[in-house]
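# Survey of secondary and tertiary structure
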Amino acid sequence: VEILKERDDTLVDIAFQYNDGYVENIYTYANNVRTSEGGFHLVGFKTALTRSINTYATKNNLLKNSKVQITGDDTREGLSCVISVIIPEPQFEGQTKEKLGNSEVRGIVESVMGERLAEFFEENPNTARQIVEKCIQAAVSRDAARKARDLTRRNSALDSMTLPGKLSDC
């Protein structure tokens, strides 16, 4: 998906693609300077991505059979992305310019991303369905891993102590 739009003297340029992997690769830039720690443009992107995918899934009844909720981490699993913004007066945090501090950029990126992604989903329903299914699978996997972790912790905690008759583990 490619997004290129100017709003309020800010140029937003985003390109992203999903793959079969499980790692997210997100690279952010502000005025062609690499912001390795992200900043408000990254926050706006993440918010819009999660909201757009959840909205599309809910609107098209894709979550009715699953018992999990899609989180931001689920929407970014297997995502490769480049986010670039060109703004009139960038404010970087730190001397090495690793983080963008312009808070108004968040709203701009969020609205542009939300609008364009909703349009893309409507124009490409098969791709949108595949993306949502990948996110649901990630959520199911995350939930199963959490349950297995909890069960392991619970069993190991109860094995180490001996409980009297009435208080023994069911």
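Structure first, text after, so check above.
Residues numbered from 1 in each chain as written. Predicted model: local features only at pLDDT ≥ 70, side-chain atom pairs only at ≥ 80, totals over all residues. Heavy atoms only, no water.

Turning to the sheet that holds strand β2 (residues 10-18), a few remarks are in order. Within the open sheet, the 5 strands sit side by side as β1-β2-β5-β3-β4. Their pairing is mixed. Of all strands in the sheet, those bounded by a partner on one side alone are β1 (2-7) and β4 (33-34). In this structure, β1 lies alongside β2, joined through 6 bridges in antiparallel fashion. When the bridges of β2 are listed, Lys 5 appears paired with Val 12. Of the strands in this sheet, β2, β3 (25-30) and β5 (79-86) are in contact with helix α1 (residues 40-59), which crosses β5 at around 130°. The strands that helix α3 (residues 104-123) touches are β1, β2 and β5; relative to β1, the one it contacts most, it runs at about 130°. (Pairing = 2+ DSSP bridges. Helix = DSSP H or I, 4+ residues; strand = E, 2+ residues; numbered from the N terminus. Contact = heavy atoms within 4.5 Å. Axes fitted to C-alpha atoms, helices over the stretch in contact; angles between N-to-C directions.)

The calculated volume of the largest pocket comes to roughly 210 Å³. Contributing to the lining of the largest pocket are Tyr 18, Asn 19, Asp 20, Tyr 22, Glu 77, Thr 127, Gln 130, Ile 131, Lys 134, Gln 137, Ala 138 and Ser 141. Counting residues per element, the lining of the largest pocket draws most heavily on helix α4 (residues 125-160), which supplies 7 residues. (1 Å grid on protein atoms, 1.4 Å probe; cavity = no way out; pocket = protein on both sides within 12 Å on 5 of 7 lines; lining within 4 Å. Points joined across faces, edges and corners; volume = space filled by probe spheres on them.)

Here we come to α1. In a regular helix each residue adds 1.5 Å, so 20 residues correspond to 28 Å; α1 covers 28 Å between its end C-alpha atoms and thus fits that length. The set of residues buried in α1 consists of His 41, Leu 42, Gly 44, Phe 45, Ala 48, Leu 49, Thr 50, Ser 52, Ile 53, Asn 54, Tyr 56 and Ala 57. Directly beyond the C-terminal end of α1, a positive phi value near 55° is found at Asn 61. (Expected span 1.5 Å × (residues − 1). Buried < 20%, exposed > 50% of the residue type's maximum accessible area, 1.4 Å probe, protein only.)

Moving on, we get to the nonpolar core. Formed by 35 residues in total, the largest nonpolar core has its most connected members in Ile 14, Phe 16, Phe 45, Leu 49, Ile 53 and Met 113. Among the elements of the structure, β2, β3, α1, β5, α3 and α4 are those that each provide at least two residues to this core. For Met 113, the residues in contact, after removing those within four places along its chain, are Ile 3, Ile 14, Phe 16, Phe 45, Ala 48 and Leu 49. (Core = buried A, V, L, I, M, F, W, Y, C linked by side-chain atoms within 4.5 Å.)

Our next topic: the pairing of β5. Here β2 runs beside β5; their pairing, made up of 8 bridges, is antiparallel. Within the sheet, the bridge partner assigned to Leu 11 lies in β5 and is Ile 86. One ladder, built from 6 bridges, connects β3 with β5; its direction is parallel. For Asn 25, the partnering residue across the bridge sits in β5 and is Ser 80.

Attention now goes to the side chain of Arg 76. Along the chain, Arg 76 falls in the loop between α2 (72-75) and β5. When neighbours within four sequence positions are excluded, Arg 76 is seen to be in contact with Glu 24, Ile 26, Lys 46, Leu 49 and Thr 50.

A word on the state of the cysteines. What makes a disulfide is a covalent bond joining the sulfur atoms belonging to two cysteines. Under the criterion given, the structure shown has 0 disulfides. Unpaired in this structure, Cys 81 has its nearest cysteine sulfur neighbour in Cys 135, at a distance of 14 Å. On the accessibility criterion, Cys 81 (2% relative accessible area) is buried. (Disulfide = S-S within 2.5 Å.)

Further remarks concern α3. Here α3 spans 29 Å end to end across 20 residues, near enough to the 28 Å set by a 1.5 Å rise per residue. Within α3, the full set of buried residues consists of Val 105, Ile 108, Val 109, Glu 110, Val 112, Met 113, Gly 114, Leu 117 and Phe 121.

Within the structure shown, the criterion is met by 11 salt bridges. Residue Arg 7 pairs with Glu 115 through a salt bridge whose shortest N-O separation is 2.9 Å. One end of the pair, Arg 7, is in strand β1; the other, Glu 115, is in helix α3, with 108 residues separating them in the sequence. Arg 7 sits in the partly exposed class, given a relative accessible area of 21%. (Salt bridge = Lys/Arg side-chain N within 4 Å of Asp/Glu carboxyl O.)

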